[in-house]
Amino acid sequence: MDKTCSRSGPRYALAGCVMAAVLAAGLLSNGYGLLVEQLPLTRTAPDWSGFLDGRVTAEIADTLAKTPLPSGSASLERGASWLAVGDLGPRVRQGCPDWLFLADELEPHAGGDDALRARAREVADLRTRLAARGIELLVATVPDKSRIAAAERCGVYRPAALDERLRAWNGLLRASGVRTVDLESALRKLPVPGFLRTDTHWNEAGAEAAAGAIAAAARVLPSADQALKPHQAYAVTRGQPRPLEGDLIRLAGIEWLPVSLQPALDLEPRTAFAPVADTAAPASENDLFGDADLPRVALIGTSYSRNSNFVPFLEAAMQTRVVNFARDGGEFAGAAQAYFKSEEFRDTPPRLIVWEIPERSLQRPLGGETTLWEASAATPPSRPRP
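Numbering of residues starts from 1 in each chain and follows the order in which that chain's sequence is written. Only residues with pLDDT of 70 or above have their local features reported here, since the model is predicted, and side-chain atom pairs are shown and tallied only from 80 upward, although totals for entire chains, interfaces and linings are computed over all residues. Hydrogens and waters are ignored; side-chain quantities use all the structure's heavy atoms.

Enquirer: Pulling in residues and values, what's your account of the pattern of salt bridges?
Expert: Criterion for a salt bridge: a side-chain nitrogen of Lys or Arg within 4 Å of a carboxyl oxygen of Asp or Glu. Tallied over the full model, the rule gives 20 salt bridges. In this structure, arginine 158 and glutamate 359 form a salt bridge, with 3.4 Å as the shortest nitrogen-oxygen distance. Of the two residues, arginine 158 is situated in the loop between helix H6 (145-148) and helix H7 (165-175) and glutamate 359 in the loop between strand E11 (352-358) and helix H15 (370-378); the sequence distance between them amounts to 201 residues. For the pair shown, arginine 158 and glutamate 359 are each scored as buried. Counting from the N terminus, the helices are DSSP H or I runs at least four residues long and the strands are E runs at least two residues long. Residue burial is assigned from relative accessible area. The probe radius is 1.4 Å, only protein chains are included, and a residue is buried under 20% of its type maximum, exposed over 50%, and partly exposed in between.

Enquirer: Please give an account of the packing of aromatic side chains that cites residues and values.
Expert: Stacked, tilted and edge-to-face are the three classes applied to pairs of Phe, Tyr and Trp rings, where Trp contributes its six-membered ring and a pair requires centres within 6.5 Å; stacked means planes under 30 degrees apart, edge-to-face means over 60, and tilted covers the rest. Summed over all chains, the structure comprises ten aromatic pairs. An aromatic cluster is defined as three or more aromatic residues linked by ring pairs; in this entry it consists of Phe325, Tyr339, Phe340 and Phe345. We call a charge positioned over a ring when the NZ of a Lys or the CZ of an Arg lies within 6 Å of the ring centre and within 35 degrees of the ring normal. Sitting over the face of the ring of phenylalanine 332, arginine 119 holds its NZ or CZ atom 5.2 Å from the ring centroid. A cation over an aromatic ring shows up here: lysine 145 above the ring of phenylalanine 101, its NZ or CZ 5.3 Å from the ring centre.

Enquirer: Mind laying out the pairing of strand E3 (residues 136-142), listing which residues take part and the relevant values?
Expert: For E3, the buried fraction is high: seven of the seven residues fall into the buried class. Because side chains alternate across E3, one face comprises the buried residues Glu136, Leu138, Ala140 and Val142, and the other comprises Leu137, Val139 and Thr141, equally buried. Only strands that DSSP links by at least two bridges are regarded as paired with each other. Both E3 and E11 contribute to a ladder of seven bridges, which runs parallel. Residue pairing across strands places glutamate 136 opposite leucine 352, the latter belonging to E11. As judged from the three bridges shared by E3 and strand E4 (residues 179-181), these two strands associate in the parallel manner. Residue alanine 140 lies in a different strand from E4, and its bridge partner there is valine 181.

Enquirer: How would you summarise helix H4 (residues 68-85) if you had to cite specific residues and measurements?
Expert: In an α-helix, one turn spans 3.6 residues, which is why side chains three or four residues apart end up on the same side. Helix length check: H4 (18 residues) gives 25 Å between terminal C-alpha atoms against 26 Å at 1.5 Å per residue, within 8%. Buried residues of H4: Gly79, Ser81 and Trp82, and no others. Buried residues of H4 fall within an arc of 165° about the axis and therefore sit on the same side. Exposed residues lying more than 90 degrees from the buried face of H4 are Leu76, Ala84 and Val85. In what follows, residue pairs with any heavy atoms lying within 4.5 Å of each other are defined as contacts. Next to the buried residues of H4 lie strand E1 (92-94). Glycine 86 sits one or two positions beyond H4 and adopts a positive phi of about 75°. Expected span of a helix: the number of residues minus one, times 1.5 Å. The directions considered for the arc are those from the helix axis to the C-beta atoms.

Enquirer: Any details on unusual backbone geometry? Residues and values, ideally.
Expert: With omega at -5°, the peptide bond leading from lysine 229 into proline 230 counts as cis. Relative to the assigned elements, proline 230 resides in the loop between helix H10 (224-227) and strand E5 (234-237). One non-glycine residue, serine 308, lies in positive phi territory at about 55°. Along the chain, serine 308 falls in the loop between strand E9 (297-300) and helix H12 (310-318).

Enquirer: Would you mind going over the environment of leucine 183 in detail, with residue names and values included?
Expert: Along the chain, leucine 183 falls in helix H8 (residues 183-188). Residue class for leucine 183 comes out buried when judged on its relative accessible area of 2%. Note: C-alpha distance between leucine 183 and threonine 141 (42 residues apart in sequence) is 6.8 Å. Residues in contact with leucine 183, not counting those within four places in the same chain, are Ala140, Thr141, Val142, Pro143, Trp202, Ala210, Ala213 and Ile214.

Enquirer: How would you summarise the sheet that holds E11 if you had to cite specific residues and measurements?
Expert: Read across the open sheet, the five strands follow the order E4-E3-E11-E9-E10; overall the sheet is parallel. In this open sheet, the two edge strands, each paired with only one partner strand, are E4 and strand E10 (322-324). Shown here is a sheet whose adjacent strand axes are inclined to one another by a mean of 25°, direction ignored. Each axis is a line fitted through C-alpha atoms, and for a helix only the stretch in contact is used; angles between axes span 0 to 180 degrees, taken between their N-to-C directions. In the packing of H7 onto the sheet, contacts are made with E3, E4 and E11, and the angle to E3 comes to roughly 170°.

Written out as structure tokens, the structure is:
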């Protein structure tokens, strides 16, 4: 009789039971995510090309990773790694105590310089198209947090190849006749970094400084008298600082830990803005189309334009209303592509477009930005605004 096989029998049975339990748990987790939480199996409709290049299977894998079992396991691993060795995962880096940085800002891209130059050419082409319709374009590029708060990196490596990225970008735009705003200088004038410690974005001080610089640039535009209308003043009330959980804490996957075990939360004021009623200019009797009271400044951009009261600060600094078409996650051209295809741009084009762009998006591989200009060119000319 083979005694070795006899002794291994219970171990094989136990291993089989464990494997069956794991498979059953995974099946239940996937079923709960798809049927109860109704997670979409794929983000786009499956097609043969997607199967062949792996896109469909990659999207299915991403969805299944969000079901309860794998996402819970990942959260436990993130929390344990943070508490044991201070690791925050692949997308977040810890600098000085309680200072977090987005890894995307620190990543050089192959062919990045070519992508940057191609984007600069597209922006210059758009400026020409807009100018032909009497629309000014003002580009405000947001410097990386890791550039402005360099003293808080405490050893977090930022490649020297990125040092000239912002200067090269603004130089190319200005050489092409595109008006730019120097947000780096505005942010460096602040006594402390104008960025949140645990968040990707600027804080209210940074947003206010950026808004002031953009408003100053807008006031010297040739069309400023017409673009910055109707006049509207705002009463500004400074609020008391309150704790704010930054997006980098959530991105690191440790937001479920007790606050005492997370990096110290930011304390941010919540400034309140209220229009001053008697400063709004009355509509003219000659305003046949009722356009005189419509805002003439449009903002496109990213989540920087949707955080820390940036738009209210911009409206207060410009003394006029601003329509915000920025999109979270819009990166370089997401908001622009949507806006130039929209009925708002077609039917009520602005006199001034402020385009906020994150520095970190400039050298990424191109992602169909040329459709932006095609959409703009295809939009029929609109009735001129007063």
